[in-house]
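These are the residues of each chain, in order.
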Amino acid sequence: MLASLTRFTPMNLIRNRWAQVFTQSLLGVLIVGGTAWAGDPFRPSNPHNIGDQTEAAFEAIFRDGNYRGAEEILAVALQVEPNEPLVYAMQASFAYDANDMEGMRKYAQQTLESAQRLAASDPLRGNLYIAVGHFLEGSYLLKKGSYLQAVGKTGTVFEHLDKASAINPNDPELNLLRGYLDLFLSRYTPFSQSEQVISRFEQYAAPDYLRYRALATTYRDLEKYDLAMANIDRALAITPDNPELQYLKGQFLRNEGRRSMDLGKLQQAQQYYALALEKQDQLSRALVVQLNHENNAVVDEIQKLAQNPSLKGF
């Protein structure tokens, strides 16, 4: 699949985006209510043993939008749930956000090692996180400039995703993580292929919040703005106080306001940015920088358009 991606994108885009794909995938999972055994946030029936501290960290991030609190919980999870590969994958994602590439490399390796151990008792999740571990190692290699080595990981990633899929192709956790990867790649393939990926993601990925959020950003990048807005609204209906979603809603409104030079849309966008900024101490460091940048920009755009309503563009 990455081979098809390279036909549609320059190598510098692949370098910049590779590491982000699984970062977004792993940090793109909402924990919603439900009765799941031993902390399984994905499966209301036939749950797998994942771990209560892992679940708590996810809740801190994706129910409350509290990345900083989640880091503290993950530190505990490393001690009490040392065999859970998702804990190490999450830590790798936080290391990436902090630009700690050696930390990312360490946690990617631990993701891989714990997943290999898990495969004996839970082959679906074991193979899924073996794939994740190799993908994270590929992220590290790309960041270090070892592009051919990183691309060489692709076959191994999809080999283990296929092994997991052979066990249960409709598994929600598998479809969420693989779906995020497929959605990302679909943005650089013909739209007929994108439709197939989107259809499967809509049908099988869970939980709902993450499905709607992923669809929103995918439709945004495909320039299907009405569908993007509809899906971000669905996500916000589930978790209305999540500052990360408030930021995305503000971004969508700002883009709409800039396209139509609509002062009202820009003002609405700034209101959503302001809501997210109230909780910026909870958010990831990279997102805080982007949020403040976009908020400052929309404030400037509002002032310019209010002063000159006939303005044709910024």
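Residues numbered from 1 in each chain as written. Predicted model: local features only at pLDDT ≥ 70, side-chain atom pairs only at ≥ 80, totals over all residues. Heavy atoms only, no water.

Asker: How do you make sense of the overall build of the protein when you look at a structure like this?
Answerer: Each helix and strand in the protein was counted, giving 16 helices and zero strands. Looking at the 314 residues of the protein, the share that counts as buried comes to 54%. Across the protein, the fraction of contacts at a sequence separation of at least 24, relative to all contacts at a separation of at least 6, is 62%. About 13700 Å² of surface is accessible on the protein, with carbon and sulfur atoms providing 47% of the total. (Helix = DSSP H or I, 4+ residues; strand = E, 2+ residues; numbered from the N terminus. Buried < 20%, exposed > 50% of the residue type's maximum accessible area, 1.4 Å probe, protein only. Contact = heavy atoms within 4.5 Å. Areas by Shrake-Rupley, 256 points an atom, 1.4 Å probe, with all protein chains shown as cover.)

Asker: How do you make sense of helix α14 (residues 243–260) when you look at a structure like this?
Answerer: For an α-helix the count is 3.6 residues per turn, leaving residues at separations of three or four pointing the same way. A rise of 1.5 Å per residue sets the reference length of α14, with its 18 residues, at 26 Å; its end C-alpha atoms lie 26 Å apart and thus fit the reference within 8%. Counting buried residues in α14 gives 13 out of 18 residues, a clear majority hidden from the surface. Backbone geometry just downstream of α14 places M261 in the positive-phi region, at approximately 50 degrees. (Expected span 1.5 Å × (residues − 1).)

Asker: It is not clear to me how the confidence of the model for the protein should be interpreted in this structure. Could you clarify?
Answerer: Low pLDDT marks stretches whose predicted atomic positions should not be read closely. The pLDDT averaged across the protein works out to 83; a share of 82% of its residues lies at or above 70. Across the protein, the element-wise mean pLDDT spans from 31 in helix α1 (residues 2–8) up to 98 in helix α15 (residues 263–277). (pLDDT = per-residue confidence, 0-100.)

Asker: What exactly am I supposed to notice about helix α16 (residues 285–307) here?
Answerer: Spanning 23 residues, α16 covers 34 Å between terminal C-alpha atoms, matching the ideal 33 Å at 1.5 Å per step. Every buried residue of α16 is listed here: L287, V288, L291, E294, N295, A297, V298, E301, I302 and L305.

Asker: I tried to follow the packing of α14 against α15 on my own but got confused; where do I start?
Answerer: How two helices pack is summed up by the angle between their axes together with the distance between the axes. Packing of α14 against α15 leaves a shortest axis separation of 8 Å and a crossing angle of 160 degrees. What the angle tells us is that α14 and α15 run roughly antiparallel. The way α14 lies across α15 gives a crossing that is left-handed. Contact residues: α14 offers P243, Q246, Y247, K249, G250, Q251, L253, R254, E256, G257 and R258, while α15 offers K265, L266, Q268, A269, Y272, Y273, L275 and A276. In terms of residue class, the contact of α14 with α15 is made up of nine nonpolar, five polar and five charged. (Axes fitted to C-alpha atoms, helices over the stretch in contact; angles between N-to-C directions. Parallel < 35°, antiparallel > 145°, perpendicular 65-115°, else oblique. Left-handed = near helix turned anticlockwise from the far one by under 90°. Nonpolar A, V, L, I, M, F, W, Y, C, P; charged D, E, K, R; others polar.)

Asker: What is the right way to read the nonpolar core from this model?
Answerer: Nonpolar side chains tend toward joint burial in soluble globular proteins. Counting residues in each nonpolar core, the largest one holds 81 residues, and the members touching the most others are L161 and F201. When residues in this core are grouped by element, the largest group, eleven residues, is from helix α7 (residues 123–143). If we ignore the near neighbours within four places in the chain, the residues touching L161 are L128, A131, L174, R178 and L181. (Core = buried A, V, L, I, M, F, W, Y, C linked by side-chain atoms within 4.5 Å.)

Asker: Would you mind showing me how to read empty space enclosed by the protein here?
Answerer: Counted according to the given criterion, the structure contains two cavities of 30 Å³ or more. Of the volumes computed, that of the second largest cavity is approximately 70 Å³. What lines the second largest cavity is simply R220, Y225, A228, M229, F252, N255, E256 and R259. In terms of residue count, α14 provides more of the lining of the second largest cavity than any other element does, four residues in total. (1 Å grid on protein atoms, 1.4 Å probe; cavity = no way out; pocket = protein on both sides within 12 Å on 5 of 7 lines; lining within 4 Å. Points joined across faces, edges and corners; volume = space filled by probe spheres on them.)

Asker: Can you walk me through the packing of aromatic side chains in this structure?
Answerer: A ring pair, where both rings are aromatic, is described by two values, the distance of the centres and the angle of the planes. The full count for this structure, using the stated rule, is two aromatic pairs. Measuring from ring centre to ring centre gives 6.3 Å for Y67 and F94, while their planes differ by 85 degrees; the resulting arrangement is edge-to-face. Here the residue Y67 occupies a position in helix α4 (residues 67–80), and F94 occupies one in helix α5 (residues 85–97), the gap between them amounting to 27 residues. In this structure Y67 comes out as buried when scored by relative accessible area, which is 3%. Residue classification places F94 among the buried positions, given a relative accessible area of 5%. Considering the side-chain rings of Y247 and Y273, the 6.1 Å spacing of their centres and the 40 degrees angle between planes classify their relative orientation as tilted. One end of the pair, Y247, is in helix α14; the other, Y273, is in helix α15, with 26 residues separating them in the sequence. Overall, Y273 belongs to the buried group, its relative accessible area being 0%. The ring of Y212 has R211 lying over it, and the distance from NZ or CZ to the ring centre is 5.3 Å. (Phe/Tyr/Trp six-rings, centres within 6.5 Å; stacked < 30°, edge-to-face > 60°. Lys NZ or Arg CZ within 6 Å of the ring centre and 35° of its normal.)

Asker: Would you explain the environment of Q246 in this entry?
Answerer: Along the chain, Q246 falls in helix α14. The exposure class of Q246 is buried, given its relative accessible area of 6%. Separated by 14 residues in the primary sequence, Q246 and I232 have C-alpha atoms spaced 9.2 Å apart. The contacts of Q246, once residues within four sequence positions are left out, are L236, P240, D241, Y272, L275 and A276.

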